[in-house]
Amino acid sequence: MTRTATYLSLAGIELDRDQPRSLQQQLYDALREMILSGQLPAGTRIPPTRALCTELEVSRITVVTAIKQLTSEGYVHGIPGRGTFVAEALPESMLTMDAEPTSPEATPLTHRLSKRGAAIVSYPMEAPTVSHIFQPGVPDVTQFPWHIWQRIVTRILKTYSPHDVGYADAAGYSPLREAIAKHVQITRRVRCTPEQVIITTGTQQAIYLTAQLLLEPGDKAWLENPGYIGAVGALQAAEVTLVPVPVDQGGLDVSAGIARAADAKLAYVTPSHQYPNGGTLDLTRRMQLLEWAKAANAFLIEDDYDSEFRYTGHPLASLQGLDQHQRVIYIGTFSKTLFPGLRLGYAIVPPGLQTAFATARSNLDRGSEWMSQKALSEFMAEGHFVRHIRRMRTLYGYRQQVLIEALQQECADWLSVEPAPAGLHLMGKFKHAISDQRVAEQLRTVGIAAPALARYTIAPLDYGGLVFGYGATDEGEIRASVRKLRKIFEEEGMRNG
Ligand SMILES: Cc1ncc(COP(=O)(O)O)c(C=O)c1O
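Residues numbered from 1 in each chain as written. Predicted model: local features only at pLDDT ≥ 70, side-chain atom pairs only at ≥ 80, totals over all residues.

Overview of the domain arrangement of the protein
The figure often quoted for interface size is the accessible area lost as the parts come together. Our working rule: Source of the domain bounds: an automatic or database domain assignment.
Here the protein is partitioned into domain 1 (23-94), domain 2 (119-130 + 144-383) and domain 3 (387-496). Each of domain 1 and domain 2 was reduced to a C-alpha centroid, and the two centroids are 59 Å apart.

Examining the sheet that holds strand β14 (residues 465-469)
Stated precisely, the cut-off is as follows: Only when DSSP finds a minimum of two bridges between them are two strands counted as paired. The numbering of helices and of strands both runs from the N terminus, where a helix is a DSSP run of H or I of at least 4 residues and a strand a run of E of at least 2. Lines fitted to C-alpha atoms define the axes here, with helix axes fitted over just the stretch in contact, and angles between the N-to-C directions of these axes take values from 0 to 180 degrees.
Strand order across the open sheet formed by three strands is β12-β13-β14, with antiparallel pairing between neighbours. Among the strands making up the open sheet, the edge pair consists of β12 (415-417) and β14. Along the sheet, successive strands turn relative to each other by an average axial angle of 30°, direction set aside. Where β12 and strand β13 (residues 425-430) come together, three bridges link them in antiparallel fashion. Bridge pairing in β13 links V417 to G428.

Considerations on the sheet that holds strand β11 (residues 345-348)
The line we're drawing: Note on contacts: residues are paired as contacts if their backbone-placed C-beta atoms lie within 7 Å.
Pairing in this open sheet of eight strands is mixed, and the strands run β4-β11-β10-β9-β8-β5-β6-β7 from one edge to the other. This sheet does not close on itself; its edge strands, each paired only once, are β4 (197-200) and β7 (251-252). Bridge count between strand β8 (residues 266-269) and strand β9 (residues 299-303): four bridges; the pairing is parallel. By the bridge assignment, L266 is partnered in β9 with F299. Each of β4, β10 (328-333) and β11 is contacted by helix α7 (residues 174-188), which is oriented at about 115° to β4, the strand it contacts most.

Structural notes on the environment of I434
Short version of the rule: Partly exposed residues are those whose C-beta has more than 12 but fewer than 20 other C-beta atoms within 10 Å; with 20 or more the residue is buried, with 12 or fewer it is exposed, and the C-beta atoms are placed from the backbone.
Positionally, I434 belongs in the loop between β13 and α16 (436-445). Residue classification places I434 among the partly exposed positions, given that 19 C-beta atoms sit within 10 Å. The sequence separation of I434 and D303 amounts to 131 residues, and the corresponding C-alpha distance is 31 Å.

Topic: helix α13 (residues 354-365)
Put simply, the rule is: Each residue after the first adds 1.5 Å to the expected span of a helix.
Its twelve residues place the ends of α13 16 Å apart at the C-alpha level, agreeing with the 16 Å of an ideal helix rising 1.5 Å per residue. Taken from the residues just after α13, R366 is the one with a positive phi, measuring 70°.

Structural notes on the nonpolar core
For clarity, the threshold we go by: Here a nonpolar core is just a set of buried residues of the types Ala, Val, Leu, Ile, Met, Phe, Trp, Tyr and Cys, joined wherever their C-beta atoms sit within 7 Å.
Counting 69 residues, the largest nonpolar core has I207, A221, L235, L266, Y268 and A347 as the members making the most contacts within it. The greatest single-element share of this core, amounting to six residues, is contributed by helix α8 (residues 203-214). Dropping the residues within four chain positions of it, A221 is found in contact with L215, L235, V240, L242, V243, A264, K265, L266 and Y268. Ranked by size, the runner-up nonpolar core spans 35 residues in total, among them F309, M392, L424 and L443.

Describing unusual backbone geometry
Cis rather than trans, the peptide bond between N225 and P226 has omega equal to 5°. Its location among the elements puts P226 in the loop between β5 (220-225) and α9 (230-236). At the junction of Y275 and P276, the peptide bond is cis and its omega measures out at 5° in the coordinates. Inspection of the secondary structure assignment puts P276 in the loop between β8 and α11 (283-296).

Here we look at the packing of helix α6 (residues 146-159) against helix α14 (residues 370-381)
Convention followed: Should an angle fall under 35 degrees it is called roughly parallel, over 145 degrees roughly antiparallel, and 65 to 115 degrees roughly perpendicular, with every other angle called oblique. Here a crossing is taken to be left-handed if its near helix is turned anticlockwise relative to the far helix by less than a right angle, and right-handed if that turn runs clockwise. Polar here means any residue other than Ala, Val, Leu, Ile, Met, Phe, Trp, Tyr, Cys and Pro, which are nonpolar, and Asp, Glu, Lys and Arg, which are charged; Gly is therefore polar.
Relative to each other, α6 and α14 sit at 120°, their axes nearing to 10 Å. The angle between the axes of α6 and α14 places the two elements in the oblique class. Between α6 and α14 lies a crossing of right-handed hand. Every residue of α14 that contacts α6 at W149, I152, V153 and I156 is listed here: M371, K374, A375, E378 and F379. Looking at the contact of α6 with α14 residue by residue, the class counts come to seven nonpolar, no polar and two charged.

Focus on the pairing of β8
A regular strand places its side chains on the two faces of the sheet in alternate fashion. For the record, the criterion: Crossover handedness is defined by viewing with both strands directed away from the observer: a clockwise path from the first strand over the helix to the second marks the crossover as right-handed.
Neither face of β8 is open: one carries L266 and Y268, the other A267 and V269, and all of them are buried. In the sheet, β5 pairs with β8 via three bridges, with the strands oriented parallel. Each bridged residue has a counterpart across the sheet, and for W222 the counterpart in β8 is A267. As for the winding sense of the linkage, the β-α-β connection from β8 through α11 to β9 is right-handed.

Brief notes about the packing of helix α1 (residues 23-36) against helix α3 (residues 60-72)
Two elements in contact, α1 and α3, have axes whose closest approach is 8 Å; the angle formed by their N-to-C orientations is 45°. On the basis of the axis angle, α1 is oblique to α3. In this structure, α1 crosses over α3, and the sense of that crossing is right-handed. Together, L23, Q24, L27, Y28, L31 and R32 of α1 and T62, V63, T65, A66, Q69 and L70 of α3 make up the contact between the two elements.

And the structure:
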């Protein structure tokens, strides 16, 4: 290989003795930049150490250290008896891919999805919205005690052992599983051991795992209508046939479900607080549902996503706590109690299924990440979890009250709304035939994220409405936004009449 005879021009190198960076670091940076910018092409010979010392008026050790570092990182290499040369292949080129050509021929094809793939994406969940105002399902993360979380995380980073950060039990970090088991035993009368608690990346994954493990393609699964659209994709991934089952103020209409598909193999339900209409499944229906599941050899997914925030009365015991026949997969999440980005939830599975769920987590994704599980278990053990819930319950209860008052004052001509015993959202039912999608669209244009009820359906409803998330919307925002809604209703009224 012929070597370029040119010597490096040192004109671009300026070393400043007053800078905090050492002279050798400055020389290293300057040479590296000249190499990367092409000012020093591959094969250029670096002047001998002595020449560099004289020219730059620095000590030999400064030059030798800078060149050594460039050599060890692969920017230059020495050839015995000849000198030091800029490398042919720079380290950066090994770390970056060539840029994709952008000619029209290179436009990506729209790939055909499998039937299953198309089903998974058929009902997109509400995209993250530009506004937090009335966005359903989100807590007020500004109220989270971040300073405590930071203290716990820092302590963990200072004290962890190599054993902690290796491959671990994919069912989850055991102190966290123990803390969750204790929490749900006390608050929800769930009957379980810590071994039955499978940590997941949230509700979504718990539904997905349940469907994958327990359903055959073509099996029927009941879904509340209106209901949690997030469950649709996770269930469709198992290639099941979804059966919409109507709901009312008493939650899922179990008799209607039996009339439509007594042979279904799964029912997804939100018995504590129906999503989104807010009803609570009464005891008679709970028993009816459990009996049906036993007779049909079906499973029930009990999504208990927000029952920690209960404002009135005593919560009914969970379905899981009433179940005598191991039919219930009880699912909980930290997305509402703490923050959605934590991506931690759990499935509490019948004893006969705990190994299958743990193995599935291991085989599919090796389990959840260690740091947040450990931080959360310490957050719970130190009592912060329960304290945070207590504090937030007061705040959310107040926000719900403000929202109801504002809606009754401003929008009673168009919308009826009932207090909800629990949760972070309210459903407002339209009193007239107005398109909820159109109203929601107009709300979005003024920065309000309340979705149309139609977004929560897999079969059309004969009424419309809006879903108001009040968790992350403060009092002032609630009042101002309800006034904007009133204006939209007035304009709609003029359009229609
Ligand atoms: C009914 C219901 N279940 C569960 C969740 C939480 O899902 P994840 O735990 O996957 O964040 C939500 C969030 O909006 C929800 O509305």
